[in-house]
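Spelled out from the first residue to the last, the chains are:
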Amino acid sequence: MSGLRATAVLSAGALVLAIGSAAATIMGPLFGADSWLLRLAMSAGAAALAAAIVAIFWIRVKSDRLTLERHLDGLCRVDYQHLQNEAIAGELPPLPRNSPWQPISDRVRQTLFRLSERVQESEHARTALEIRCRRAMGQAARVKAILARLPDPILAVDDLDELVLANPAAEALLDIDLTNAEDRAVGGVVRCQKLIELLTAACHHEAAANRTDELELLDDRGQARWYRVRASRLSSHEGNDDALSPSGAVAVLREIGEQKALQKRNAEFVSAVSHEMKTPLAGIKAYVELLADGDAEDEETREEFLGVINSQTDRLQRLIDNMLNLARIEAGVVQVQKEHRSLNELLEEAAHVVLPAAESKSIELITSLSPLYLGVHADRDMLLQAAINLLSNAVKYTPAGGRVTLRSRLDGEQIFLEVEDTGVGLSAEDREKVFEKFYRVKKDKEMASGTGLGLPLAKHIVEDVHGGQLTVESTVGVGSIFRVTLPGAKQVQMA
């Protein structure tokens with residue numbers, strides 16, 4: 001269409017020029033060669049031809065521009081993955097042959113292709129970053145969940161001494177609320193100067209990069225609890241300029257209350273054992289010296305001295321036996337020899353052993369045993385030891401003039417052994433701890449010496465060795481009942 005319009009314009013201009021030339025030829029002889037009318041006709045023809053040429057050029061430029069716009073618009077709509085495909089050129093609006101816009105079209109095409117490659121690379125990089133981000137977020141969530149479930153309090157500070165982490169255990173122990181804290185400076189958030197010093201020292205001092213200490217802190221109920229604190233510095237690798245590299249210090253608190261209590265009980269145990277051993281050893285040594293010095297002039301006196309030495313030796317032997325038996329039972333190396341035995345015979349023997357101690361305190365020892373034959377499958381020596389320990393404990397903590405009763409009875413398939421006293425009794429707290437190794441009731445320590453091994457040993461013998469149960473019922477100032485439940489063997493009523 002644009003070609004037709006250009007041809008028409010050019011034809012019109014040529015026609016005007018031809019008419020002007022013909023007019024000049026005709027009018028020249030009439031008006032003369034220099035006539036103004038002739039010059040006007042010639043000028044009009046030349047102007048018409050120039051206008052036609054300009055019109056033709058303008059039409060051609062406009063047509064090429066529209067064609068280029070359609071071509072570029074089609075090029076922009078092509079999938080970037082197909083830009084290098086030569087076959088795609090046939091699908092685009094064509095440019096005129098030998099169009100001056102063809103090189104520009106090719107450059108635009110190559111530029112779009114390079115940009116599309118960069119976009120594709122960016123999309124791949126973005127996808128990889130999204131995957132890494134999701135993994136990092138998942139790892140952070142797992143770490144947070146792990147820290148939340150750890151019973152040990154954990155704190156972390158950055159190199160500016162600001163608290164950046166505190167797990168729920170630390171928040172509860174130290175009354176920290178990082179969510180609503182405006183100032184996170186560790187000195188203003190943590191209310192324990194020694195812990196602050198450990199963290200800051202580990203963070204800023206090379207020589208103190210790893211420090212360990214023990215702290216006594218009050219929990220949310222106001223109870224004192226002991227912790228071992230390990231503070232370690234977090235530092236980025238040398239030469240690593242990554243701003244995300246960790247820096248600062250972390251402190252892990254581990255409760256050592258049980259260890260402290262065990263250390264205290266061990267110290268008390270050593271002191272009690274030393275005292276228990278010193279007493280019979282001192283008596284033995286004193287009477288041996290009397291015998292060596294010849295102070296026993298007659299046979300009766302010598303027999304008396306030897307009797308005291310023998311009783312003190314037995315006392316020392318029982319202490320050592322208790323310690324060894326308890327250690328063997330806990331280690332699982334004790335040799336158990338169970339046989340079918342009469343429980344009443346064992347209890348009568350135990351009462352006979354404890355009777356002298358009861359008589360020395362004017363305590364009435366009553367044996368109220370079942371008339372039935374109570375058969376038990378038991379290790380004689382160990383069950384006898386448990387009964388002696390229960391009776392001895394009752395005699396120790398019953399005031400002079402009191403009463404200790406030993407009972408046995410059958411209830412269904414179970415056999416019961418009870419030691420009841422009219423002693424000082426136990427509080428609720430003491431009832432929970434009385435079977436713990438080395439435990440002794442504080443208020444009654446002056447009443448009787450001991451190591452705190454008798455009842456734990458009896459409980460191990462009854463429960464771990466014989467599959468029974470040892471419990472206690474007690475009221476302060478009234479007395480206690482220690483009850484042993486054993487699985488019964490075949491029961492035969494005595495005649």
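Structural notes, computed from the coordinates. (Residues numbered from 1 in each chain as written. Predicted model: local features only at pLDDT ≥ 70, side-chain atom pairs only at ≥ 80, totals over all residues. Heavy atoms only, no water.)

Examining the overall build of the chain
Along the backbone of the chain there are 12 helices and 14 strands. For the chain, the residues scored as buried account for 34% of the 495 residues in total. Intrachain contacts of the chain at a sequence separation of at least 6 include 62% that bridge at least 24 residues. (Helix = DSSP H or I, 4+ residues; strand = E, 2+ residues; numbered from the N terminus. Buried < 20%, exposed > 50% of the residue type's maximum accessible area, 1.4 Å probe, protein only. Contact = heavy atoms within 4.5 Å.)

Notes on the packing of helix α8 (residues 299–331) against helix α12 (residues 454–465)
The interhelical angle for the contact between α8 and α12, taken along N-to-C directions, is 35 degrees, at an axis separation of 10 Å. Crossing hand, α8 versus α12: left-handed. Along the contact surface, α8 presents Asn322, Asn325, Leu326, Ile329 and Glu330, while α12 presents Pro456, Leu457, His460, Ile461, Asp464 and Val465. Residues belonging to the contact of α8 with α12 are distributed by class as follows: 6 nonpolar, 3 polar and 2 charged. (Axes fitted to C-alpha atoms, helices over the stretch in contact; angles between N-to-C directions. Left-handed = near helix turned anticlockwise from the far one by under 90°. Nonpolar A, V, L, I, M, F, W, Y, C, P; charged D, E, K, R; others polar.)

Observations concerning the pairing of strand β3 (residues 210–218)
Regular strands place side chains that alternate from one sheet face to the opposite one. Pairing analysis gives 9 bridges linking β3 to strand β4 (residues 224–234), with the strands arranged antiparallel. Opposite Leu218, over in β4, you have Ala224 as the bridge partner. Where β3 hands over to β4, the hairpin turn is made up of 5 residues, of which Gly222 adopts a positive phi near 80 degrees. (Pairing = 2+ DSSP bridges.)

Re a negative patch on the surface
Taken together, the side chains of Glu289, Asp293, Asp295, Glu297, Asp298, Glu300 and Glu304 make up a negatively charged region of the molecular surface. Along the chain, Glu289 turns up in helix α7 (residues 257–292). (Patch = residues over 30% accessible without salt bridge, like charges linked within 9 Å, V, L, I, M, F, W, Y side chains within 5 Å. Areas by Shrake-Rupley, 256 points an atom, 1.4 Å probe, with all protein chains shown as cover. Salt bridge = Lys/Arg side-chain N within 4 Å of Asp/Glu carboxyl O. Lys, Arg positive; Asp, Glu negative; His and termini not counted. Charge placed at Lys NZ, Arg CZ, Asp CG, Glu CD.)

With respect to α12
Residues separated by three or four positions in an α-helix point in the same direction, a consequence of the helix having 3.6 residues per turn. An ideal rise of 1.5 Å per residue puts 16 Å on 12 residues; α12 measures up with 16 Å between its terminal C-alpha atoms. Turning to α12, its buried residues number three or more, namely Leu455, Pro456, Leu457, Ala458, His460, Ile461, Val462 and Val465. At its buried positions, α12 is contacted by α8, β6 (338–342), α10 (380–396), β12 (469–475) and β13 (479–487). Of the residues trailing α12, Gly467 is marked for its positive phi of about 65 degrees. (Expected span 1.5 Å × (residues − 1).)

Regarding the pattern of salt bridges
Pairing is possible between side chains of opposite charge, provided their charged atoms come close. This structure, assessed with the given rule, holds 17 salt bridges. The partner of Glu418 in a salt bridge is Arg407, and the shortest N-O contact between them spans 3.7 Å. Of this pair, Glu418 sits in strand β11 (residues 414–421) while Arg407 sits in strand β10 (residues 403–411), and the two are 11 residues apart along the sequence. Measuring nitrogen to oxygen at the nearest pair gives 2.7 Å for the salt bridge that ties Arg483 to Glu418. Of the two residues, Arg483 sits in strand β13 while Glu418 sits in strand β11, which places them 65 residues apart along the sequence. Judged by its relative accessible area of 16%, Arg483 falls in the buried class. Glu418 gets classed as buried once you look at its relative accessible area, which sits at 7%. Members of the salt-bridge network, linked through shared partners, are Arg407, Arg409, Glu418, Glu420, Glu473 and Arg483.

Here's the deal with the sheet that holds β4
Read across the open sheet, the 5 strands follow the order β2-β1-β5-β4-β3; overall the sheet is antiparallel. The strands lining the two open edges of the sheet, one partner per strand, are β2 (163–166) and β3. Between one strand axis and the next, the sheet turns by 20 degrees as a mean value, whatever way the strands run.

Side note on α10
The terminal C-alpha atoms of α10, which comprises 17 residues, lie 24 Å apart, in line with the 24 Å expected from a rise of 1.5 Å per residue. Most of α10 is tucked away: 13 of the 17 residues are buried. N-cap assignment for α10: the residue whose side-chain oxygen lies 3.2 Å from the backbone N of Asp381 is Asp379. (Polar contact = N/O pair within 3.5 Å; in protein donor to acceptor, adjacent residues only side chain to side chain.)

With respect to the environment of Ser232
Mapping Ser232 onto the fold places it in strand β4. Each C-alpha atom of the pair Ser232 and Gly248 lies 8.7 Å from the other, and the pair is 16 residues apart in sequence. Reaching out from Ser232, the side chain makes a polar contact with the side chain of Asn210 at a distance of 2.9 Å.

Comments concerning the packing of helix α9 (residues 343–360) against α10
At a minimum axis separation of 9 Å, α9 and α10 run at an interaxial angle of 40 degrees. Considering the angle they form, α9 stands oblique to α10. By crossing handedness, the relation of α9 to α10 is classed as right-handed. Residues Leu343, Leu346, Leu347, Glu349, Ala350, Ala351, Val353, Val354, Ala357 and Ala358 of α9 pack against Arg380, Leu383, Leu384, Ala387, Ile388, Leu391, Ser392 and Val395 of α10. Its residues assigned to classes, the contact of α9 with α10 shows 15 nonpolar, 1 polar and 2 charged. (Parallel < 35°, antiparallel > 145°, perpendicular 65-115°, else oblique.)

Some details on the sheet that holds β12
Across the sheet, which stays open at both edges, the 5 strands sit in the order β7-β10-β11-β13-β12 with mixed pairing between neighbours. Of all strands in the sheet, those with a lone pairing partner are β7 (364–368) and β12, marking the two edges. Here the strands of the sheet are splayed against their neighbours by 15 degrees on average, with no regard to which way each runs. As defined by bridge partners, β10 adjoins β11 across 8 bridges and the pair is classed as antiparallel. Residue pairing for β11: Leu406 is matched across the bridge by Val419.

A short note on the nonpolar core
Membership of the largest hydrophobic core comes to 48 residues, with the highest contact counts inside it found for Leu390, Leu391, Val404, Leu470 and Phe482. The greatest single-element share of this core, amounting to 10 residues, is contributed by α10. Residues contacting Val404, with those up to four places away along its chain left out, are Ile363, Glu364, Leu365, Ile366, Leu391, Ala394, Val395, Thr398, Val419, Glu420 and Asp421. Val157, Ala166, Leu195 and Cys203 belong to the second largest nonpolar core, which has 27 residues in total. (Core = buried A, V, L, I, M, F, W, Y, C linked by side-chain atoms within 4.5 Å.)

Some words on the side chain of Ser480
Note that Ser480 resides in strand β13. The buried category is assigned to Ser480, whose relative accessible area is 6%. Engagement of the side chain of Ser480 in a polar contact is seen with the side chain of Ser474, the distance being 2.6 Å. Ignoring sequence-local partners within four residues, the contact set of Ser480 consists of Val419, Glu420, Asp421, Gly425, Leu426, Glu473 and Ser474.

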